[in-house]
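Given next are the chains, with one letter for each unit.
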Amino acid sequence: MRNAHPIPFAAVLLATAAMAFSVPADAKFPRKPVELVIPFAQGGGTDRVGRMFADHAPKYLGGSMFVSNRTGGSGAVGFAHGAQARPDGHVLTMAVTTLVTAPSTVAGYPVDHSSFAPVCLLAALPMTLSVGVDSPHKTIEDFMAAAGKQPGALKVGTAGAATNNYLAGVAFAKKAGIEATFVPYGGAGPALVALLGGHVDAAMADASEALPYLQGKQLRTLVAFSDAPVSSMPGVPISAGKPYHVNVASFRGIAAPKGTPKPILSQLVSACEKTAKDPAFIEQMGKFGMEVNLMLGDKFGEWLREQHETYAQAAKSAGIAAK
Amino acid sequence: MGELFLQGVGAILQPDILLILFGSVAVGIIGGALPGISATMSVAVVSPLTFAMEPLPGIMALLGIYTGAVYGGSISAILLGIPGTPGAVATVMDGYTMGRRGQAGRALGIATLSSFFGGVFSVLALGLLAYPIAGFALSFGPREYLALAFFALTAVAALSGGSALKGGVAALMGMFFATIGIDEMYGTSRFHFGQLGLMGGIPFIPAIIGLFAVPETLAAIQGISAVRRRSLQVSRILPERSALVALLPAQLRSSIIGTIVGAVPGTGSDIAAIVAYSQGKNLSRAPETFGTGCDEGIACPESGNNAAVGGTMIPLLTLGIPGGAVTAIILGAFMTHDLRPGPLLLQNNADLVYQIFVGMFVANLAMLLFGLLGARVFARVIQIPEAMLAPIVLLLCVVGAYALNNNVFDVYVMAAAGLLGYAMVRVGLPRAPLVIGLIVGPMVERELTRTILVIRGDWLQLFTPTSTVIWILAALPFVVPLVRRLLPRGRRRARLTAAGNAD
């Protein structure tokens, strides 16, 4: 009887010893695989960045990570899942542009940036305006002049009206004082295909979306709406300093649910920083035309707030603000 | 070119590449056959594993899974009445009916041979006519898509199973359900009542699973007390040669349709199968047999959906355009290997292009082999007593609905769709038109909106050369019978009046 439970006893001893040398058990993070919620479908830009991040982050996080595509409702399903998860760092969410545009454009959108604790920004890509290679418009000035001559005649393919892609196009047209017909597609991808087929005169897309076609000499990018030159698109004019300048980026970052404890949050921020500085991650991102623009913690939060305000204004002036 | 082709054959006939191709086709068939695991999901799940491979085996693995999964959808459609993938919706009509007659083996055989025909046809089209087809596909703008969507909608008539009125009611129900959620174009909220699960629209695959599978299991449960022994014989797999020869024209037409519909960006194997089934019935010598378990009713959608596989690769390889979710993932795989599909691929990596071409051919061979060898095994499913099969199928429904988005709400949708499907069966409303409404309804709406934006009020502009042809093709099956009916009647009337005059 005395030696009835030797192994459990040894295990308890060992466990106690282990605990004595480590942090308190409840603060140990991660205790289980970390889920990265991707609110959009497989194959899109957000999915791509999320999967690359999940490939490289585990070694800095000290635990495994898996992605889950929770799609639907212009991202509402995934964002809401991520925001309502238990705030212990085991459920992270891709915080992307839609999180700051949809609350201003979609009535009853269930979440916004304030539902999250910001972790880091990974990439921000400027929006661009491109035309077909055979287009008579060689420069953005040509394009604006043509649009000025025949208001509404030029067709511009965009993503859905709730997106930053569409809002950027509308904001540009307003600043440039031109009138164009915006034709919303399911995303920038289909809008670019419509441009290649000659069904629209121009298309809005972010730099990584337009890049493959630009490199294939299938389209001409007239302008990048950016404050700084775009390294992946040398020779493409930027809008900075011009009267029609709008600074609109498509961004992809990581967020945790609001209320995540400080120690866990700082652990996440540091893992994210190390991942973003990992040369292998940077190289993989580069293959998709994406530069890593790192912004951490509260600074990212500040930036999200600003973006939210900007798009609220843009939606109001475009006349598509949600009531 | 010949040399490159032979090099391609050499590269593919390596043991490791062959192993990957056969293995991935098998994985694809299983994924496709499991309800709720679509071709897109199978490819997405495997794609990260391929990043560490060399480019050729990595891309071959994805193409093998893609080919296998689109085919695999037909297996559960035939055996269980559940379309394993959206592309197999039309296969349920005749495939499942034939299987219930005790000819599941024959149905699987025809599905396999037709899928092989469609797959090989589209690979040949990819190899020989990629550039003209890509150019034609790119010429599809909002007006052409709108016409194509209407063409697909006419399939409602073919899938109504007798009553066009009932079919129309079911299709309108489907189109209504498709409007639920946040609209993709202008972000308008419609009928979701603040329900998070509904904001993204009715999740499509859970709805299909519920509509088709649940009523069958409920009916089976009702009949369980009357212990029926089912036919224990698995019918022959290969139909007689004369039947096969008779199928060739239908397979060829469906393969052409499938390749083109696949090549057009934004449409894939689901629309291809629907259009192929519809034209198959309209051009058939015996249209009345469609829906009663006829050979052609299986051959058309199966040739169509597998032809779409090669079709979707055409714009991807020639122009770098991913036409759908699967090709978007494959494009991603190319890019992680520093390869850019598009005009430059044939210049810089011509060898790879030929290897892909040969590899896809071999993938279709693997599919044929597994399909014919496996059919005898798969078909034994019908020997499982209902009392065991029904709960297994219900379990598959729940797991399949959940697996798609890891979302319990989808399981509720599946259950609700199941009850709706049961009610529809009871009142005699056909279910396939509802699914067509769900698939094609949003396409009609979006393309109509874009068309209105593009033509800016000038309705004559609706008719471009291509769209006009499609409109005529869509209208013909409805106009021709009317004309035929009017003509003899006119003659008869003339004869009658002549007779009256003689009196």
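This brings us to the overall build of chain B. For chain B, the helix and strand inventory stands at 20 helices and 2 strands. Its C-alpha atoms give chain B a radius of gyration of 23 Å, near enough to 23 Å, the size a compact globule of 503 residues would have. Summarising its shape, the C-alpha atoms of chain B cover approximately 85 × 65 × 60 Å along the three principal directions. The contacts in chain B between residues at least 6 apart in sequence include a share of 80% that link residues at least 24 apart.

Turning to the overall build of chain A, a few remarks are in order. Per the secondary structure count, chain A includes 12 helices and 10 strands. The principal-axis extent of the C-alpha atoms belonging to chain A is close to 95 × 40 × 30 Å. Split into buried and exposed, the 323 residues of chain A put 55% on the buried side. Pairs at least 24 residues apart make up 74% of the contacts formed inside chain A by residues separated by at least 6 positions.

Attention shifts here to the interface of chain B and chain A. Contact residues are listed per partner, giving 43 residues for chain B and 42 residues for chain A. When contributions to the side of chain B that touches chain A are tallied by element, the ones reaching two or more residues are α3 (39-50), β1 (181-182), α9 (196-199), α14 (325-336), α15 (343-348) and α19 (432-455) of chain B. In terms of residue count, α14(B) provides more of the side of chain B that touches chain A than any other element does, 6 residues in total. Across the side of chain B that touches chain A, the residue classes break down as 22 nonpolar, 17 polar and 4 charged.

Keep in mind that low pLDDT regions are not for reading the predicted coordinates in detail. Residues and elements named next belong to chain B. This prediction gives chain B a mean pLDDT of 88; 94% of its residues lie at or above 70. A low-confidence stretch, residues 499-503 (pLDDT under 50), is modelled with 0 contacts involving residues beyond four sequence positions or located in other chains. Prediction confidence for the complex, expressed as pTM and ipTM, is 0.86 and 0.86 respectively.

Here we come to the confidence of the model for chain A. In this model, chain A carries a mean pLDDT of 88, and residues with pLDDT of at least 70 account for 91%. Counting contacts from residues 1-25 of chain A, a segment whose pLDDT is below 50, to residues more than four positions away or on other chains yields 2 contacts.

Residue and element names in this part refer to chain A. For chain A, the domain assignment lists domain 1 (31-124 + 250-318) and domain 2 (126-225). Using C-alpha coordinates to define each centre, domain 1 is positioned 27 Å away from domain 2. With 17 residues of domain 1 in contact, the opposing surface of domain 2 contributes 14 residues. The set of elements that each furnish at least two residues to the side of domain 1 that touches domain 2 consists of α5 (98-105) and α12 (297-318). At 5 residues, α12 tops the list of elements feeding residues into the side of domain 1 that touches domain 2.

All names here are of chain A. Residues Phe29 and Pro30 are joined by a peptide bond in cis, for which omega reads -5 degrees. On the secondary structure map, Pro30 appears in the loop between α1 (6-21) and β1 (34-38). In this model, Lys217 sits at a positive phi of 55 degrees, which is unusual for a non-glycine residue. Its 11 C-beta neighbours within 10 Å are what place Lys217 among the exposed residues.

Moving on, we get to helix α6 (residues 142-153) of chain B. All names here are of chain B. In a regular helix each residue adds 1.5 Å, so 12 residues correspond to 16 Å; α6 covers 16 Å between its end C-alpha atoms and thus fits that length. The element α6 is largely enclosed, with a buried count of 12 among its 12 residues. Three or more residues of α6 are buried, namely Pro142, Arg143, Glu144, Tyr145, Leu146, Ala147, Leu148, Ala149, Phe150, Phe151, Ala152 and Leu153.

A word on the packing of helix α5 (residues 89-138) of chain B against helix α16 (residues 350-378) of chain B. Packed helices, taken two at a time, are described by the angle their axes make and the gap between the axes. All names here are of chain B. In the contact formed by α5 and α16, the axes pass within 9 Å of each other and the chain directions differ by 180 degrees. On the basis of the axis angle, α5 is roughly antiparallel to α16. For the pair α5 and α16, the contacting residues are Gly105, Leu108, Gly109, Thr112, Ser115, Phe116, Gly119, Val120, Val123, Leu126 and Gly127 in the first and Phe357, Met360, Phe361, Asn364, Met367, Leu368, Gly371, Leu372, Ala375, Arg376 and Phe378 in the second. Split by residue class, the contact of α5 with α16 holds 13 nonpolar, 8 polar and 1 charged.

Here we take up the environment of B:Gly323. All names here are of chain B. Within the secondary structure, Gly323 is located in the loop between α13 (295-319) and α14. Owing to 27 C-beta atoms within 10 Å, Gly323 belongs among the buried residues under this scheme. Note: C-alpha distance between Gly323 and Ala263 (60 residues apart in sequence) is 7.2 Å.

Once that is clear, we can look at the pairing of strand β3 (residues 91-96) of chain A. All names here are of chain A. Counting buried residues in β3 gives 6 out of 6 residues, a clear majority hidden from the surface. With 3 bridges connecting them, β1 and β3 associate as parallel partners. Within the sheet, the bridge partner assigned to Val37 lies in β3 and is Thr93. Two elements, β3 and strand β9 (residues 249-257), share 4 bridges in a ladder whose sense is antiparallel. When the bridges of β9 are listed, Ala95 appears paired with Gly253.

Calculation rules
- Every chain begins its residue count from 1, and numbering advances along the sequence as written.
- Lettering of chains starts at A and numbering of ligands starts at 1, both following the order in which they are written.
- Local features in this predicted model are restricted to residues of pLDDT 70 or higher, and side-chain atom pairs are both shown and tallied only at a pLDDT of 80 or more, whereas totals for entire chains, interfaces and linings draw on every residue.
- Each helix is a run of H or I in the DSSP string that is no shorter than four residues. Each strand is a run of E no shorter than two, and both are numbered from the N terminus.
- In this description the radius of gyration comes from C-alpha coordinates, and the expected globular size is given by 2.2 Å times residues to the power 0.38.
- What counts as a contact is two residues whose backbone-derived C-beta atoms lie within 7 Å of each other.
- For every residue, the other C-beta atoms within 10 Å of its own C-beta are counted; 20 or more classify it as buried, 12 or fewer as exposed, and values in between as partly exposed. C-beta atoms are placed from the backbone.
- Classification used: nonpolar for Ala, Val, Leu, Ile, Met, Phe, Trp, Tyr, Cys and Pro, charged for Asp, Glu, Lys and Arg, polar for all others including Gly.
- Along the chain, pLDDT gives the predictor's confidence residue by residue, from 0 to 100.
- Residue ranges for the domains trace back to a domain assignment, done automatically or taken from a database.
- By this rule the span expected of a helix is its residue count minus one, scaled by 1.5 Å.
- With axes taken as lines fitted to C-alpha atoms, and helix axes fitted only over the stretch in contact, angles between N-to-C directions fall between 0 and 180 degrees.
- In what follows, roughly perpendicular refers to angles from 65 to 115 degrees, roughly parallel to angles under 35, roughly antiparallel to angles over 145, and oblique to any angle outside these ranges.
- Two strands pair under a simple rule: DSSP has to find at least two bridges between them.

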